[in-house]
Amino acid sequence: MKLLALILCTVAIATISIIPVSHCRIFHLNSANLIEETCKQTPNHDLCIQYLQADPHSSDADVTGLALIMVNVIKSKANSALIKIHQLLQRNPEPDQKEALGTCGDRYKAIVEADVPQAIAALQKGDPKFAEDGANDAAIEATSCENSFSGKSPLTDDNNSMHDAAAVTAAIVRILL
Ligand SMILES: *[C@@H]1O[C@H](CO)[C@@H](O)[C@H](O)[C@H]1NC(C)=O
């Protein structure tokens, strides 16, 4: 009798400890698959994987959740650009440089204050078309900043990386259309 109880007990413990482990593995496999399948449909697979994996929320996100993570990437890129613009303005730039930096400040502020909230609200409401517009508009704002410099722009890297992030975001959103 004691032996039987011991066996049953062992089986029970083994079952309890195996279930969550296998469950966990399936879960992580699925999330890696979803990220991979999603990023394959964007113009920049590697960058997409890199951005999504950097956010811990991606492990239990659906495609809408992945799109929201990318919108946050756009937001943080715009905020970094704003910090850089602020620092450049503090160095007493030439008047035309100063004017261009002012324009850029407005453009990147528009990303943070208009495009990003629009995209987030649209995704949360299940209205992805407006989220795609928001992402595309972020890239347009960055280009408009770039165009405000007559010569060399100190924000070319920001423009390029905003373009890349916006293109990945828009492509993920299009999966939802
Ligand atoms: C901004 O970046 C995009 C993507 O790299 C590029 O195609 C575009 O020419 C850039 N805009 C300007 C004005 O440099």
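A brief look at the structure comes next.

Rules and cut-offs
- Residues numbered from 1 in each chain as written.
- Predicted model: local features only at pLDDT ≥ 70, side-chain atom pairs only at ≥ 80, totals over all residues.
- Heavy atoms only, no water.
- Near = heavy atom within 4 Å.
- Polar contact = N/O pair within 3.5 Å; in protein donor to acceptor, adjacent residues only side chain to side chain.
- Areas by Shrake-Rupley, 256 points an atom, 1.4 Å probe, with all protein chains shown as cover.
- Helix = DSSP H or I, 4+ residues; strand = E, 2+ residues; numbered from the N terminus.
- Disulfide = S-S within 2.5 Å.
- Buried < 20%, exposed > 50% of the residue type's maximum accessible area, 1.4 Å probe, protein only.
- Core = buried A, V, L, I, M, F, W, Y, C linked by side-chain atoms within 4.5 Å.
- Contact = heavy atoms within 4.5 Å.
- Axes fitted to C-alpha atoms, helices over the stretch in contact; angles between N-to-C directions.
- Parallel < 35°, antiparallel > 145°, perpendicular 65-115°, else oblique.
- Nonpolar A, V, L, I, M, F, W, Y, C, P; charged D, E, K, R; others polar.
- Salt bridge = Lys/Arg side-chain N within 4 Å of Asp/Glu carboxyl O.

1. Overview of the site of the ligand
The environment of the ligand is made up of Thr143, Glu146, Asn147, Asn159, Asn160 and His163. Within the contact set of the ligand, an oxygen atom lies 2.4 Å away from a side-chain nitrogen or oxygen of asparagine 159. Contact between the ligand and asparagine 160: an oxygen atom at 2.6 Å from a side-chain N or O atom of the residue. Burial of the ligand by the surrounding chains reaches 54%, relative to a free accessible area of 360 Å². For the shell around the ligand, the secondary structure elements donating two or more residues are helix H5 (128–147) and helix H6 (156–175).

2. A few points about the state of the cysteines
A covalent bond between the sulfur atoms of two cysteines is referred to as a disulfide. Taken as a whole and assessed by the stated rule, the structure comprises 2 disulfides. In this model, cysteine 39 is linked to cysteine 48 through a disulfide, with the two sulfur atoms separated by 2.0 Å. Disulfide cysteine 39-cysteine 48: torsion about the S-S bond near -75°, hence left-handed. You can call cysteine 39 buried: its relative accessible area is 0%. In this model, cysteine 104 is linked to cysteine 145 through a disulfide, with the two sulfur atoms separated by 2.2 Å. A torsion of 90° about the S-S bond marks the disulfide between cysteine 104 and cysteine 145 as right-handed. A residue pair is termed long-range when its members are at least 10 positions apart, and cysteine 104 in helix H4 (residues 95–125) and cysteine 145 in helix H5 qualify at 41 residues. Residue class for cysteine 104 comes out buried when judged on its relative accessible area of 0%. Overall, the relative accessible area of 0% leaves cysteine 145 in the buried class.

3. Things to note about the nonpolar core
Within the largest apolar cluster, 46 residues are counted, with the highest numbers of intra-cluster contacts made by Leu52, Met70, Ile74, Tyr108, Ile111, Met162 and Ile172. Those elements giving two or more residues to this core turn out to be helix H1 (2–40), helix H2 (45–54), helix H3 (63–89), H4, H5 and H6. Look past the residues within four positions of leucine 52 in its chain and what remains in contact with it is Ile35, Cys39, Ser58, Leu66, Ile69, Met70 and Ile172.

4. Points about the packing of H2 against H6
Where H2 meets H6, the closest approach of the two axes is 10 Å, and the angle between their N-to-C directions is 85°. On the basis of their axis angle, the class for H2 and H6 is roughly perpendicular. Across from Leu47, Cys48, Tyr51 and Leu52 in H2, the residues of H6 making contact are Asp164, Ala165, Val168 and Ile172. The class makeup of the residues in the contact of H2 with H6 is 7 nonpolar, no polar and 1 charged.

5. Points about the pattern of salt bridges
Scanning all chains against the criterion turns up 6 salt bridges. Of the charged contacts, one joins aspartate 133 and lysine 129 as a salt bridge, the two residues approaching to 3.1 Å between their closest N and O atoms. Placement of the pair is aspartate 133 and lysine 129 together in helix H5, with a separation of 4 residues, close to one helical turn. Note on lysine 129: relative accessible area 42%, which makes it partly exposed. Its salt-bridge partner being glutamate 132, residue arginine 174 comes within 2.9 Å of it at the nearest N-O pair. Here glutamate 132 lies in helix H5 and arginine 174 lies in helix H6, a separation of 42 residues in the sequence. Take arginine 174: its relative accessible area is 41%, and that puts it in the partly exposed class. One continuous salt-bridge network, built from bridges that share partners, spans Lys129, Glu132, Asp133 and Arg174.

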